[in-house]
Amino acid sequence: MNYKNTLFKIICLSFILFQISCKKENNQKNEEATAENVNKPASVQIAQTYQTDEKLSDDEKLEVKSVIHFSAKYNSPAIWNYEKDVTQGALRKLNPLSNGNMVFLMEEGDGKYNFSPFVLILDKNGKEIFKQNIGDKKSKYNFYDPLVQDNSNGGFTLYVKKEIKSVNESAVSDEAKMRSALAKYQIEKITFKNLNSPSTSISRSMEDIFFKTLQEKGFTHLSKSDFSLKNIKNKIWVTGTAAKPNESEIPFIAVLDQNFKLLKFNSYEGYPETDINSISLNPDNTFYIEGVEDTAADGSYYSTYKRFIINENLKLLADKSDSKPYSSFYRGPSAPDVEEEEEDTVSEETTSETETNSNQESEKGNTCHFYSDRVENSYYSIKEKEMNSSEILFEKAKSADSTALWQIRFVFPGNYEVPYINSTKGFKRKNGDFVFSLFIRDESVKSGVLSMAIFVFNKEGRLVSQFQTPAYFGLTDFEMQEVNGKLIAGFISYNADYVNNNWEYPHVFRSISYPLD
């Protein structure tokens, strides 16, 4: 009987210890969550009077027409800030990992414009946990469109395109020229098994991958000689352009496995002079292709959105392209084949008039289409009232006929101007909110200072959050991503310092986190 009592006591004691352990673990988790909430600053609430509705004219059918007179008092504070001094630094890509860490692909110069690539990783609290130089120090790496794949150990694999210096410049035949153009580029696979061991890498030439297939398909040259990489369904998708004899270049798409073996290839003759910008997977396992066709005729240059759908075998299924260009500008007629004496008969009056018209044209405001929403078949754009104006128009419109849905006018204080609308970036959140960034410059400070304003609109077209980075003499390479309900921004800032009769421009890499939820 004693052994039964002893066993019963042991079981009861174990149960009590288990309950205590669970309670301590729960308390610890609750303390961590509470600490995170305490450290997270409260977002600034946007007053209803900040975005004022404007009256529609009789022929307008807008869902939203309003004006926002910008005020910094509505900027929500940052959650955390990170900074690192870099010499001639450059941020090329920000990529979040599934564990919440953020990979920044960067380059740093030596003061003589020789750049070396490196990888920097911050954790979800903005703490640096990893930094490693990569690359062979001989090639030029392109970090603008790399592929980053997670692995199960907190590491990752990086696929990046690189340009090598040793190419055959003396190629004469079409075959030799195409070989040389392909051999100029390689794909390098850099693997970080975990953050405690050095990386390993392997490379393969585009010539080895594509030359035989391109030649069999009748292609003879690649004038652009460039490629883009995309990661879809754990495969490497490569896009580029190539041409057959006496024909325009057309886009092609290829699919490789993770060891660079060519699995599928197709080209698209109905889309001449078109560069593919994005490939996305549809719910029915087809693929949505987006690109831009650039053409010229009678002295004018036209850009038209091209969109089409392909299946898993890369076969064209349907065309969704716009019927009209979204952008066009006139550069004047092509020079005629006439004698020099005839060219000299152009009067000074005509020349002066042409220059005047050109100057007037350059002062007009531009339009930047910076995001396309294929689910809603709409696009977002920024329109300038005039160049470097303090007033811009944020617009959402239908892709089919460019009918405006939203027109939200931003009016900045008189000391501000919007200098670089072509650098505007945006993305759509899963909840339907739309986030976009906008360069603004404060001219009240000597030489002017730049900052990035970031706006969040809900799906009804109402502003719900606003952020603004600190201002600097220079701000470049801005990138932003949503990570676990937070906005992560990264950029390079620099100031101008006059030291020992010389101007110096110290660079700093900065990352800032803002609350989205």
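The structure displayed is predicted, hence computed values, not measured ones.

Before going further, it helps to examine the overall build of the protein chain. Per the secondary structure count, the protein chain includes five helices and 34 strands. Here the protein chain, with 517 residues, has 44% of them falling under the buried criterion. For the protein chain, the proportion of contacts with a sequence separation of at least 24, taken over those separated by at least 6, is 48%. Of the roughly 28,700 Å² of accessible surface on the protein chain, a fraction of 46% belongs to carbon and sulfur atoms.

All right, on to the pairing of strand 9 (residues 156–163) then. Of all the eight residues making up strand 9, seven are buried; the element is thus mostly covered by neighbouring parts of the structure. Relative to strand 9, strand 8 (residues 140–150) runs antiparallel, the two sharing seven bridges. Along strand 9, the bridge assignment pairs V148 with L158. Counting the residues that bridge the hairpin from strand 8 to strand 9 gives five residues, and of these G154 lies at a positive phi of roughly 85°. The sheet contact formed by strand 9 and strand 10 (residues 185–192) spans eight bridges and is antiparallel. Looking across to strand 10, one finds that K162 is bridged to Q186.

Now for the nonpolar core. By size, the foremost hydrophobic cluster in this structure holds 28 residues, and its most contacted members are F394, F410, F412, F436, F455 and F457. Of all the secondary-structure elements, those providing two or more residues to this core are strand 2 (64–69), strand 21 (367–373), strand 22 (378–384), strand 23 (391–398), strand 24 (404–411), strand 27 (434–442) and strand 28 (449–457). Non-local contacts of F410, meaning those with residues more than four positions away in its chain, are made with I68, S390, E391, I392, F394, F436, F455 and F457. Within the second largest apolar cluster, 24 residues are counted, among which are V238, I250, L256 and F260.

Quick look at the confidence of the model for the protein chain now. In this model, the protein chain carries a mean pLDDT of 85, and residues with pLDDT of at least 70 account for 85%. Confidence drops under a pLDDT of 50 for residues 22–38, and excluding neighbours within four residues, the segment shows one contact in the predicted structure. Between residues 334–362, whose pLDDT stays under 50, and residues either more than four places distant or in other chains, the model counts four contacts.

Tracing the backbone through its elements, the reader meets Y379 in strand 22. Leave out the neighbours within four places in its chain, and Y379 touches H369, Y371, S372, E395, K396, A397, K398, S399 and S402. A polar contact of 3.2 Å, which involves the side chain of Y379, links it to the side chain of S402.

A surface patch of nonpolar side chains, about 460 Å² in accessible area, is lined by F473, Y498, W503 and Y505. On the basis of relative accessible area, F473 is assigned to the partly exposed category, the value being 32%.

Reading the values: the criteria
Residues numbered from 1 in each chain as written. Predicted model: local features only at pLDDT ≥ 70, side-chain atom pairs only at ≥ 80, totals over all residues. Heavy atoms only, no water. Helix = DSSP H or I, 4+ residues; strand = E, 2+ residues; numbered from the N terminus. Buried < 20%, exposed > 50% of the residue type's maximum accessible area, 1.4 Å probe, protein only. Contact = heavy atoms within 4.5 Å. Areas by Shrake-Rupley, 256 points an atom, 1.4 Å probe, with all protein chains shown as cover. Pairing = 2+ DSSP bridges. Core = buried A, V, L, I, M, F, W, Y, C linked by side-chain atoms within 4.5 Å. pLDDT = per-residue confidence, 0-100. Polar contact = N/O pair within 3.5 Å; in protein donor to acceptor, adjacent residues only side chain to side chain. Patch = residues over 30% accessible without salt bridge, like charges linked within 9 Å, V, L, I, M, F, W, Y side chains within 5 Å. Salt bridge = Lys/Arg side-chain N within 4 Å of Asp/Glu carboxyl O.

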